[in-house]
Amino acid sequence: MKKDSCLKMLVGGVVGGVIGFCSAWGGENGFQELFTGARAWMGDYNTMLMGTLAVISLCFSLFCYRKGEAYVRGYLRSEVDEEKDGIEQAYGFLSGIGTAGTSILIWVGVAVFAFRLNVGNLEEAAGLLLGAGLLIFIAIVCAFYQIAMVRQVRRMDPMKRGDAADWNFQKVWLASCDEAEKHVIYEAGYRSFTATRLLLMIATLLVGALQSEAGLLAVVFLTLCNVISMVIYSYYSIRLSRKGVAV
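Per-chain numbering applies: the sequence of each chain, read as written, is numbered from 1 onward. Per-residue local features of the predicted model are confined to residues with pLDDT of at least 70, and side-chain atom pairs are confined, for both listing and counting, to 80 or more; whole-chain, interface and lining totals are unaffected and use all residues. Only hydrogens and water are removed before side-chain values are computed, so all heavy atoms of the structure are retained for them.

Participant: Help me understand the packing of aromatic side chains, please; the structure alone is not making it clear to me.
Facilitator: Between two aromatic rings, the relevant description is the distance of the centres plus the angle of the planes. Aromatic rings from Phe, Tyr and Trp, taking only the six-membered ring of Trp, are treated as a pair when their centres fall within 6.5 Å; an angle between ring planes under 30 degrees marks them as stacked, one over 60 as edge-to-face, and anything in between as tilted. All told, the structure shown has zero aromatic pairs when counted by the stated rule. Over a ring means this: the NZ of a Lys or the CZ of an Arg is within 6 Å of the ring centre and within 35 degrees of the ring normal. The ring of tyrosine 75 is capped by lysine 84, whose NZ or CZ atom sits 5.1 Å from the centre of that ring.

Structure representation (structure tokens):
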């Protein structure tokens, strides 16, 4: 048996043991008390958390954009291929961090805002409106950076096509990539799919440990998400194998 297979089995056993231990140690009341306390804390400090995320989103997006502009100017000025390759690699790393970071900030903002959805009085309604405004601000700032990042890439490589503000951007962008870039995208997509499937399975087990009506509903929802992702993956695998990988 290969070392990788042994390592995966070992990791799976450890994860399963940790989940079982947490379920037995925490129990229904332990998990519910933990989540109830977390929900109360998130509700009390929701506006402050959303404001902090808004500031972080703005600063992070501006940093990545300005740093990217410096890379683009250096790339366009340079006439040495080795130097251009180094700048291109550095910018690729920066754009990857920037894209992932802004996407994560949007989803974290959505998750934090969800704790503000229960409205019982006028003060909470005002907080809900303020949180919604901050969430929209976070989404706009992060989206603007991603659009600007795509335009920076197109300045460095005029062969690239697509605008991040368009609905069919992913398809147009992928069509303009070379074979090496497509291979990276496909490999990253597959690894992301397998990791997401594993995380969904773990989340299903953890939520199932609550043994409450809400917990069982979440189990059904997470299981449905896992099944849907598998169906989508299988559909495109069959479709692409019949037509070929070229897009």
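Participant: What is the right way to read the packing of helix α2 (residues 46–77) against helix α3 (residues 81–114) from this model?
Facilitator: Each pair of packed helices can be summarised by the angle the axes make with each other and by the distance between the axes. Lines fitted to C-alpha atoms define the axes here, with helix axes fitted over just the stretch in contact, and angles between the N-to-C directions of these axes take values from 0 to 180 degrees. Each helix is a run of H or I in the DSSP string that is no shorter than four residues. Each strand is a run of E no shorter than two, and both are numbered from the N terminus. α3 packs onto α2 with a crossing angle of 165° between their chain directions and a minimal axis gap of 10 Å. The pairing of α2 with α3 is recorded here as roughly antiparallel in orientation. Pair α2 / α3 crosses with left-handed handedness. Residue polarity follows a fixed list, in which Ala, Val, Leu, Ile, Met, Phe, Trp, Tyr, Cys and Pro are nonpolar, Asp, Glu, Lys and Arg are charged, and the others, Gly among them, are polar. Of the residues that constitute the contact of α2 with α3, the class distribution is 18 nonpolar, nine polar and three charged. Every angle not falling under 35 degrees, over 145, or within 65 to 115 is termed oblique; those three ranges are roughly parallel, roughly antiparallel and roughly perpendicular. The sense of a crossing depends on the near helix, which, turned anticlockwise from the far helix by less than a right angle, makes the crossing left-handed and, turned clockwise, makes it right-handed.

Participant: Which parts of the structure should I look at to understand helix α5 (residues 169–176)?
Facilitator: Every α-helix winds through 3.6 residues per turn, so residues three or four apart in the chain are directed the same way. Note on exposure labels: buried denotes an accessible area under 20% of the residue type's maximum, exposed denotes more than 50%, and partly exposed covers the range between, all computed with a 1.4 Å probe on protein chains only. Residues of α5 that are buried include every one of Phe169, Trp173, Leu174 and Ser176, and no others. Axial view of α5: buried residues confined to an arc of 160°, hence all on one face. To obtain the arc, one takes the directions from the helix axis to the C-beta atoms.

Participant: What exactly am I supposed to notice about a negative patch on the surface here?
Facilitator: Residues Asp81, Glu82, Asp85 and Glu88 make up a contiguous surface patch of negative charge. Following the sequence through the fold, glutamate 88 ends up in helix α3. Residues forming no salt bridge and having over 30% relative accessible area are the ones grouped into patches, like charges within 9 Å of each other and nonpolar side chains (Val, Leu, Ile, Met, Phe, Trp, Tyr) within 5 Å. We get accessible surface area from the Shrake-Rupley algorithm with a probe of 1.4 Å; when it comes to residues, only the shown protein chains can shield them. Throughout this description, the term salt bridge denotes a Lys or Arg side-chain nitrogen within 4 Å of a carboxyl oxygen of Asp or Glu. The charged-residue count follows a simple rule in which Lys and Arg add positive charge and Asp and Glu add negative charge, with His and chain termini not counted at all. Just so you know, the charge point we use is NZ for Lys, CZ for Arg, CG for Asp and CD for Glu.

Participant: Which parts of the structure should I look at to understand the nonpolar core?
Facilitator: Here is a general trend for soluble globular proteins: nonpolar side chains tend to be buried in one another's company. Buried Ala, Val, Leu, Ile, Met, Phe, Trp, Tyr and Cys residues that are joined via side-chain atoms within 4.5 Å together make up what is termed a nonpolar core. Core analysis: the biggest nonpolar cluster contains 14 residues, and Tyr91, Met149, Val150, Val153, Met156 and Trp173 have the highest contact counts within it. For this core, the secondary structure elements donating two or more residues are α2, α3, α4 (122–156) and α5. Broken down by element, the residue count for this core peaks at five residues, all from α4. Working rule for contacts: check all heavy atoms of both residues, and any pair within 4.5 Å makes them a contact. Dropping the residues within four chain positions of it, tyrosine 91 is found in contact with Gly68, Tyr71, Val72, Met149, Gln152, Val153 and Met156.

Participant: What should I look at first to understand the side chain of serine 61 in this one?
Facilitator: Its location among the elements puts serine 61 in helix α2. Assessed through its relative accessible area of 6%, serine 61 is described here as buried. Any pair of N or O atoms that falls within 3.5 Å is considered a polar contact. Within protein, one atom must be able to donate a hydrogen and the other to accept it, and sequence-neighbouring residues count only if both atoms are side-chain atoms. Within the structure, serine 61 has its side chain in polar contact with the backbone oxygen of serine 57 (distance 2.8 Å). When sequence neighbours within four positions are dropped, the list of residues in contact with serine 61 reads Thr102, Val141, Cys142 and Tyr145.

Participant: What is the right way to look at a nonpolar patch on the surface in this model?
Facilitator: A contiguous nonpolar patch, built from Trp41, Tyr45 and Met48 and spanning about 330 Å² of accessible area, is present on the exposed surface. Position of methionine 48 relative to the elements: it lies in helix α2.

Participant: I keep staring at the pattern of salt bridges and nothing clicks. Help me out?
Facilitator: Any two side chains of opposite charge can pair if their charged atoms end up close together. As enumerated under the stated definition, the model contains three salt bridges in all. A salt bridge links glutamate 69 to arginine 155; the shortest N-O distance between them is 2.8 Å. Of the two residues, glutamate 69 sits in helix α2 while arginine 155 sits in helix α4, which places them 86 residues apart along the sequence. Judged by relative accessible area, glutamate 69 falls into the buried class, the value being 12%. Residue classification places arginine 155 among the partly exposed positions, given a relative accessible area of 37%. With a shortest N-O distance of 3.0 Å, aspartate 157 and lysine 160 are connected by a salt bridge. Assessed through its relative accessible area of 25%, aspartate 157 is described here as partly exposed. Note on lysine 160: relative accessible area 5%, which makes it buried.

Distances and angles like these do not, on their own, reveal function.
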